[in-house]
Amino acid sequence: MNGADHDTIHIVGAGPVGTLLALLLAQRGRRVHLHERRADPRVTAPERGRSINLALATRGLRALEAAGALERIRPGMVPMTGRMLHEGSGETRLLRYGQRADEVIWSISRADLNRELVRLAGEQPLIGMSFNQHCIDADAERSRLRFQGSAANAEHEVAACIIIGADGAGSAVRQAMAARDLCQASEEPLAHDYKELHLAADAAGRHRMEPHALHVWPRGEFMLIALPNHDGSFTATLFLPREGAASFARLDNVARVHEFFTAQFPDVLPLLPDLAAQFAAHPRGELATLHCWPWHAGNMLLIGDAAHAIVPFHGQGLNCGFEDCLVLDALLANQPDAAQAFARFEAERRINTDAIAQMALENYHEMRDTVRSPDFERRKQLGNALERLYPDRFIPRYSMVMFHPGISYVDALQRGIAQERLLDVLLAQGIDPDSALARQLLFEAAL
Ligand SMILES: Cc1cc2nc3c(=O)[nH]c(=O)nc-3n(C[C@H](O)[C@H](O)[C@H](O)COP(=O)(O)OP(=O)(O)OC[C@H]3O[C@@H](n4cnc5c(N)ncnc54)[C@H](O)[C@@H]3O)c2cc1C
């Protein structure tokens, strides 16, 4: 049909999800071709101010391991044991993520992770890669992808029977589907944008704050976070409303930026001697939850952010995209008909990606605000006590999402609701978690 090679799977986007999926499929003997808009990351430097540090958790690590990539990625990973809260007074307090020593999350530079995955893909004879190829159309019916290449290699078509759009939140594959009424997509924008800032290492190349933590400056309506890098620096991200009293709109000159940081994050200023220059130079990013239905049309499928981009506050966007890869790889291994595998993929994944989208939005409120309240602390302590006493029945929701890939996102969401109700009752009535009544309530909550 149309001269297309029926067996090769064409993946648009050699970001982390597209590349990991290619590695998994090639491992099973499938031929894959990755088409990427950007230049080859093995030979070009990443864009400054857009590097983004990611928190990898167990779901992501499991997928990297399955693709044989974890050991290659590991040297760039920095463990984070908890959230280091920075109060307005400058006081700090560490809230551990989990109770077990191995319940940590891992900071990694997105650019380093992507480059290493592309390197691995380049070592795989079954994976072909083309860079500087901007996909401008994807036609499942004609089995064609259309690209705008570099100047000497202008628009051209590629025959492609099986197409997977892993081209991120602004997916061209999704747009091509929508233009043909094959899917409906809408964005639910967050009223807050973000800006990345680089906190340099000291003169000896050491971290100038605790390296094994995700630093958070929660300020109610907004927050600053910082994730450690291996070279002693931190990548900080300011999340701030677009409009209003404390907003990006207000920070429209150097004096106001300085005034704002002096008032809100005084302990960060010494680590940011070039704040004004960075603030002016680094781009401002927008955040949104993407709703798209369906994700597939015949032999074409959307995956990762292209299908279900979410806000970053649970640190799960990529972890979820990597989990997508595991699920799809297993389905394609058992189902030779791609269209059927794609339909099953959507049926299995959608309830879970909807659940993590909701939890990610809820977590923004927690990180920037409720984490500071004594009630949050009380609930966390009681939840931890219940987990120690009844580890098979009570696992805090954060831990289910981050450390228990065997519990699906949708189960974590539902169990989390029941757990919150239980905590309400135990706290309101002062019930000892190690009592017969607590055990009975736990049982009745079907946890
Ligand atoms: C500020 C911020 C913080 C985050 N923190 C975390 C975190 O801590 N943990 C976590 O798990 N997730 C986090 N995320 C989410 C994470 O970055 C994404 O979920 C992840 O990058 C999605 O991977 P992807 O491969 O699907 O898409 P992308 O990373 O967007 O990759 C898409 C690829 O497709 C290419 N492409 C795009 N359009 C075209 C085209 N037309 N033709 C060809 N190629 C194209 C792009 O160049 C890119 O290489 C964060 C996101 C943000 C914005």
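Quick caveat, the model's predicted, so the values are computed rather than measured. Going along each chain's sequence as written, the residues are numbered from 1 onward. Residues qualify for local features only when their pLDDT is at least 70, as the model is predicted, and side-chain atom pairs are given and counted only at 80 or more; totals for whole chains, interfaces and linings, by contrast, use all residues. Hydrogens and water molecules were not included; the side-chain quantities draw on all heavy atoms of the structure.

## Structural notes on the overall build of the protein chain
- Assigned secondary structure in the protein chain consists of 14 helices and 19 strands.
- Against the compact-globule benchmark of 22 Å for 447 residues, the protein chain has a radius of gyration of 23 Å, which places it among compact chains.
- Here the C-alpha coordinates of the protein chain stretch approximately 70 × 60 × 40 Å along the principal axes.
- In the protein chain, which comprises 447 residues, the share counted as buried stands at 54%.
- Put simply, the protein chain shows about 19100 Å² of open surface, and 51% of that area lies on carbon and sulfur atoms.
- In this tally, Lys and Arg are treated as positive and Asp and Glu as negative; His is ignored, and so are the chain termini. Just so you know, the charge point we use is NZ for Lys, CZ for Arg, CG for Asp and CD for Glu. Put simply, the protein chain has 46 plus and 56 minus side-chain charges, and the middle of one group is 2 Å from the middle of the other. Secondary structure is summarised from DSSP: a helix means a run of H or I of at least four residues, a strand means a run of E of at least two, and numbering begins at the N terminus for each. All radius of gyration figures rest on C-alpha atoms, and the globule criterion is 2.2 Å times the number of residues raised to 0.38. The buried label applies to any residue whose accessible area, calculated with a 1.4 Å probe on protein chains only, is under 20% of its type's maximum; exposed applies above 50%, and partly exposed to all values in between. Accessible surface is estimated by sampling points in the Shrake-Rupley manner with a 1.4 Å probe; for residues, cover comes only from the protein chains shown.

## Description of the site of the ligand
- For this purpose, a residue is taken to be near a molecule or strand whenever a single non-hydrogen atom of the residue falls within 4 Å of it. Residues in close proximity to the ligand total 30 residues, the closest being Glu36, Ala55, Arg110, Asp305 and Leu318.
- Two N or O atoms form a polar contact when they lie within 3.5 Å of each other; inside protein one atom must be a possible hydrogen donor and the other a possible acceptor, and for residues adjacent in sequence the pair counts only when both atoms belong to side chains. Separating an oxygen atom of the ligand from a side-chain N or O atom of Glu36 is a distance of 2.5 Å.
- Here an oxygen atom of the ligand and a side-chain polar atom of Asp305 are 2.8 Å apart.
- In isolation the ligand has 1000 Å² of accessible area, and contact with the protein removes 90% of it.
- Those elements that place two or more of their residues in the shell around the ligand are helix H1 (16-27), strand S3 (53-56), strand S9 (134-139) and helix H9 (317-334).
- Residues are grouped as follows: nonpolar covers Ala, Val, Leu, Ile, Met, Phe, Trp, Tyr, Cys and Pro; charged covers Asp, Glu, Lys and Arg; every other residue, Gly included, is treated as polar. Of the residues in the shell around the ligand, the class split is 13 nonpolar, 11 polar and six charged.

## Considering the packing of aromatic side chains
- Between 30 and 60 degrees the pair is tilted, below 30 it is stacked and above 60 it is edge-to-face, where a pair is any two Phe, Tyr or Trp rings, Trp via its six-membered ring, whose centres lie within 6.5 Å. Taken as a whole, this structure holds 14 aromatic pairs when the rule is applied.
- The interplanar angle of 15 degrees and the centroid separation of 5.1 Å between the aromatic rings of Tyr97 and Tyr398 together place this pair among those described as stacked. Placement of Tyr97 in the loop between strand S6 (92-96) and strand S7 (105-109) and of Tyr398 in helix H12 (residues 397-403) is noted, with a sequence separation of 301 residues between them.
- Owing to a relative accessible area of 17%, Tyr398 belongs among the buried residues under this scheme.
- On the numbers, 4.9 Å between centres and 70 degrees between planes, the contact of Phe239 with Phe313 is edge-to-face. With Phe239 in strand S16 (residues 234-241) and Phe313 in the loop between helix H8 (305-308) and H9, this residue pair connects regions lying 74 residues apart in the sequence. For the pair shown, Phe239 and Phe313 are each scored as buried.

## Remarks on the sheet that holds S9
- A pair of strands counts as paired when DSSP detects no fewer than two bridges linking them. Here three strands make up an open sheet; going across it, the order is S9-S10-S11 and the pairing antiparallel. Edge strands, defined here as strands with exactly one partner in the open sheet, are S9 and strand S11 (156-159). On average, each strand axis in the sheet is inclined to that of its neighbour by 25 degrees, with strand direction left out of account. In this description, a line fitted to the C-alpha atoms serves as the axis of each element, helices being fitted only across the stretch in contact, and the angle between N-to-C directions of two axes falls anywhere from 0 to 180 degrees.

## Thoughts on helix H11 (residues 374-389)
- Helix span is expected to be 1.5 Å times the residue number reduced by one. Compared with the 22 Å implied by 1.5 Å per residue over 16 residues, the 23 Å span of H11 between its first and last C-alpha is a close match.
- Within H11 the residues assigned to the buried category are Phe376, Arg379, Leu382, Gly383, Asn384, Ala385, Leu386 and Glu387.
- For H11, the secondary structure elements touched by its buried residues are strand S5 (82-86), S6, helix H10 (338-368) and helix H13 (409-429). Here a residue-residue contact requires only that any non-hydrogen atoms of the pair lie within 4.5 Å.

## Focus on the pattern of salt bridges
- For this analysis, a salt bridge means a side-chain nitrogen from Lys or Arg found within 4 Å of a carboxyl oxygen belonging to Asp or Glu. Using the criterion set out here, one finds 34 salt bridges in the structure.
- A salt bridge links Arg206 to Asp202, with the shortest nitrogen-to-oxygen separation between them at 3.2 Å.
- Within this structure, Asp137, Asp139, Arg142, Arg144, Arg146, Glu155, Glu157 and Arg180 form a network of salt bridges that share partners.

## Topic: the nonpolar core
- Here, nonpolar core means buried Ala, Val, Leu, Ile, Met, Phe, Trp, Tyr and Cys residues that are tied together by side-chain atoms lying within 4.5 Å of each other. Ile11, Leu64 and Phe322 are the most contacted members of the largest nonpolar core, which totals 74 residues.
- Apart from the residues lying within four places of it in its own chain, the contact partners of Leu64 are Leu20, Leu56, Ala69, Leu70, Ile73, Leu113, Leu117 and Phe322.

## With respect to the layout of surface pockets
- A 1.4 Å probe that fits but cannot get out identifies a cavity on a 1 Å grid over protein atoms alone, an open set with protein on both sides within 12 Å along at least five of seven lines counts as a pocket, and a residue lines either if it has an atom within 4 Å of a point. Grid points are joined across faces, edges and corners, and a volume is the space filled by probe spheres set on the points. Empty space within the second largest pocket amounts to approximately 670 Å³.
- Among the secondary structure elements, those contributing two or more residues to the lining of the second largest pocket are S6, H10, H11, H12 and H13.
- Tallied by class, the residues present in the lining of the second largest pocket amount to eight nonpolar, 10 polar and nine charged.

## Overview of the environment of Leu145
- Among the structural elements, Leu145 can be located in strand S10 (residues 144-148).
- Here the alpha-carbon distance between Leu145 and Glu157, two residues 12 residues apart in the chain, equals 5.6 Å.
- Leave out the neighbours within four places in its chain, and Leu145 touches His10, Val12, His35, Cys135, Asp137, Ala138, His156, Glu157, Val158, Ala160 and Ile163.

## Comments concerning H9
- Over its 18 residues, H9 extends 26 Å from the first C-alpha to the last, a length consistent with the 26 Å expected when each residue adds 1.5 Å.
- Among the 18 residues in H9, 14 count as buried, and that is most of the element.

## Some thoughts on the packing of H9 against H10
- Across the interface, H9 lies against H10 with an axial gap of 9 Å and an inter-helix angle of 150 degrees. By the angle between their directions, the pair H9 and H10 is classed as roughly antiparallel. When you trace H9 past H10, the crossing you get is right-handed. Here Cys320, Glu323, Asp324, Val327, Leu328, Leu331 and Leu332 of H9 come into contact with H10, specifically with Ala338, Ala341, Phe342, Arg344, Phe345, Glu348, Arg349, Thr353 and Ile356.
- Within the contact of H9 with H10, the residues separate by chemical class into 10 nonpolar, one polar and five charged. Just so you know how the angles are binned, under 35 degrees is roughly parallel, over 145 roughly antiparallel, 65 to 115 roughly perpendicular, and the rest oblique. Definitions for this section: a left-handed crossing has its near helix turned counterclockwise from the far helix by less than a right angle. A right-handed crossing has that turn clockwise.

## Description of the pairing of strand S12 (residues 162-165)
- Residues Ile162 and Ile164 of S12 are buried on one face, and the alternating residues Ile163 and Gly165, pointing to the opposite face, are buried as well.
- Across three bridges, the pairing between S12 and strand S19 (residues 300-302) is parallel. Across the sheet, the residue bridging to Gly165 is Leu302, located in S19.

## Points about the sheet that holds strand S13 (residues 184-199)
- Spatial ordering of the open sheet is given by S6-S5-S14-S15-S16-S13-S17, a layout of seven strands whose pairing is mixed. Since the sheet does not close on itself, it has two edges, and those belong to S6 and strand S17 (284-293), each with one partner. On average, each strand axis in the sheet is tilted by 25 degrees relative to the strand beside it, whichever way the strands run.

Geometric values such as these leave the question of function open.
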